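# Inside the fold
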Amino acid sequence: MNSEKGGDDSMKKVNLEVNLGTLTLRNPVLTCSGTYGFGEEYAPYCPVDKLGGITLKGLTPEPRLGNPLPRLAETPAGMLNSVGLENPGLEEFLNSYLPRVRQLPTTVIANISGFSLQDYETMASALQSGSGIDALEVNISCPNVKHGGMHFGTHPDSAEEVIALVKRKTDLPVIAKLSPNVTDIVAMAKAVERGGADIISMINTLLGMSIDIEKRQPLLANKMGGLSGPAVRPVAVRMVWQVAQAVKVPIIGMGGILTWQDAVEFMLAGAKAVSIGTGNFVNPLAPLEVIEGIEEYCRRQGFDAVEEIVGLAL
């Protein structure tokens, strides 16, 4: 913190750079997987070169059409989704999307999902340093795919095994994305840390459901889906706060971040960076506004660097 007295601090430069182990971001604001496509979709609204980084749409080894429609439903202070990992598959991504993705002037994180250990091995082996990808986020927490996926994210031993496998197969930093649909989030965090995760991202969506009372049936064709948005933020902040005190690896906090105040709350709870998901649907400029707000908050509070605020509420 700058302790100098006097002078005008209104234009003081704040160092927004954050270091997540070997992964360095120009600022602490990322976008969540599944909410930002492959980075190009938001380009007319939000220049990616201003962001700390983007996390790409979740990838699986084979193409997936996803779950049947309807698969989105609004809820009070949030939304339910049951997209089901719709994506073009690894081969199409490598051939058609990656050449364009590697041109994006920001940190790029690929999100990989699977239904077996072999799936994760295939994905990790195909994505290495020099490919245009800067880190791998391992999705072991998707709540709306019937087989695999969340099984790995709700059993500590399985989570540790998946992360250890991915870590052996790639030279990129490995981010373990945790599910909140567990009894003990700290046990899960410790498990992926033992498995070699370089970073933890949390939380993924909470399992939820909504029913159309006129039709007397669930709103989603898949019956249940992942709840996101401001409704989940207090749960996410609590879990980040717990995990930050239990592990040594850096945390990316997410879950209902719409404003800079939300982001600062996560950072005070122990997150070194934050990621915006549903907020992108509400306001495509949200990431830029959050970056500006965090910088102004640090300036107003007298901090020279954004990393100085991390964990101050612990």
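Each remark here, short or long, concerns the structure printed above.
Our subject in this report is the structure included herewith. (Residues numbered from 1 in each chain as written. Predicted model: local features only at pLDDT ≥ 70, side-chain atom pairs only at ≥ 80, totals over all residues. Heavy atoms only, no water.)

### Here we look at the overall build of the chain
A tally of helices and strands in the chain yields nine helices and 16 strands. The globule rule puts the C-alpha radius of gyration for 314 residues at 20 Å, and the 19 Å found for the chain is close to it. If you line up the chain on its principal axes, its C-alpha atoms span 60 × 50 × 40 Å. By sequence separation, contacts in the chain at least 24 residues apart represent 72% of the contacts at least 6 residues apart. When the accessible surface of the chain is totalled, it reaches about 13,500 Å², and 53% of it is carbon and sulfur. Across the chain, the mean location of the 26 positive side-chain charges is 4 Å away from that of the 34 negative side-chain charges. (Helix = DSSP H or I, 4+ residues; strand = E, 2+ residues; numbered from the N terminus. Rg over C-alpha atoms; globule rule 2.2 N^0.38 Å. Contact = heavy atoms within 4.5 Å. Areas by Shrake-Rupley, 256 points an atom, 1.4 Å probe, with all protein chains shown as cover. Lys, Arg positive; Asp, Glu negative; His and termini not counted. Charge placed at Lys NZ, Arg CZ, Asp CG, Glu CD.)

### Structural notes on the pairing of strand β8 (residues 135-139)
Most of β8 sits inside the fold, with five of its five residues counted as buried. A two-sided burial pattern is seen for β8, the buried positions comprising Ala-135, Glu-137 and Asn-139 on one face and Leu-136 and Val-138 on the other. Where strand β7 (residues 107-112) lies against β8, four bridges are found, and the strand directions are parallel. Bridging across to β8, Ala-110 finds its partner in Leu-136. Looking at chain direction, β8 and strand β9 (residues 174-177) are connected through four bridges and run parallel. Following the sheet pairing, Leu-136 is matched in β9 by Val-174. (Buried < 20%, exposed > 50% of the residue type's maximum accessible area, 1.4 Å probe, protein only. Pairing = 2+ DSSP bridges.)

### Things to note about the sheet that holds β7
Strand order in the closed barrel made by the eight strands is β3-β4-β7-β8-β9-β10-β15-β16, with parallel pairing throughout. Taking each pair of neighbouring strands and ignoring which way they run, the sheet shows an average axis angle of 25°. Strand direction decides the pairing type here: strand β3 (residues 29-31) and strand β4 (residues 53-55), joined by two bridges, are parallel. By the bridge assignment for β4, Thr-31 is matched with Ile-54. (Axes fitted to C-alpha atoms, helices over the stretch in contact; angles between N-to-C directions.)

### Remarks on the pattern of salt bridges
Note on pairing: side chains with opposite charge can pair once their charged atoms come close. The full count for this structure, using the stated rule, is 11 salt bridges. A salt bridge links Lys-272 to Glu-307; the shortest N-O distance between them is 3.5 Å. One end of the pair, Lys-272, is in the loop between α7 (260-268) and β16 (273-276); the other, Glu-307, is in the segment after α9 (286-301), with 35 residues separating them in the sequence. We classify Lys-272 as partly exposed; its relative accessible area is 24%. Classification of Glu-307 by relative accessible area gives partly exposed; the value is 28%. One salt bridge in this structure joins Arg-299 and Glu-295, with 3.3 Å as the shortest N-O distance. Of this pair, Arg-299 and Glu-295 both sit in helix α9, separated by four residues, roughly a single helical turn. Glu-295 carries the same exposure label as Arg-299, and that label is buried. Each member of the salt-bridge network shares a partner with another, and the members are Arg-233, Asp-262 and Glu-265. (Salt bridge = Lys/Arg side-chain N within 4 Å of Asp/Glu carboxyl O.)

### Describing the packing of helix α4 (residues 156-169) against helix α5 (residues 185-194)
Between α4 and α5, whose axes approach to 7 Å, the crossing angle comes to 30°. The angle between the axes of α4 and α5 places the two elements in the roughly parallel class. Note on packing geometry: the crossing formed by α4 with α5 is right-handed. Between α4 and α5, the residues in contact are Pro-156, Ala-159, Glu-160 and Ile-163 and Ala-187, Met-188, Ala-191, Val-192 and Arg-194, respectively. Residue composition of the contact of α4 with α5, by class: seven nonpolar, no polar and two charged. (Parallel < 35°, antiparallel > 145°, perpendicular 65-115°, else oblique. Left-handed = near helix turned anticlockwise from the far one by under 90°. Nonpolar A, V, L, I, M, F, W, Y, C, P; charged D, E, K, R; others polar.)

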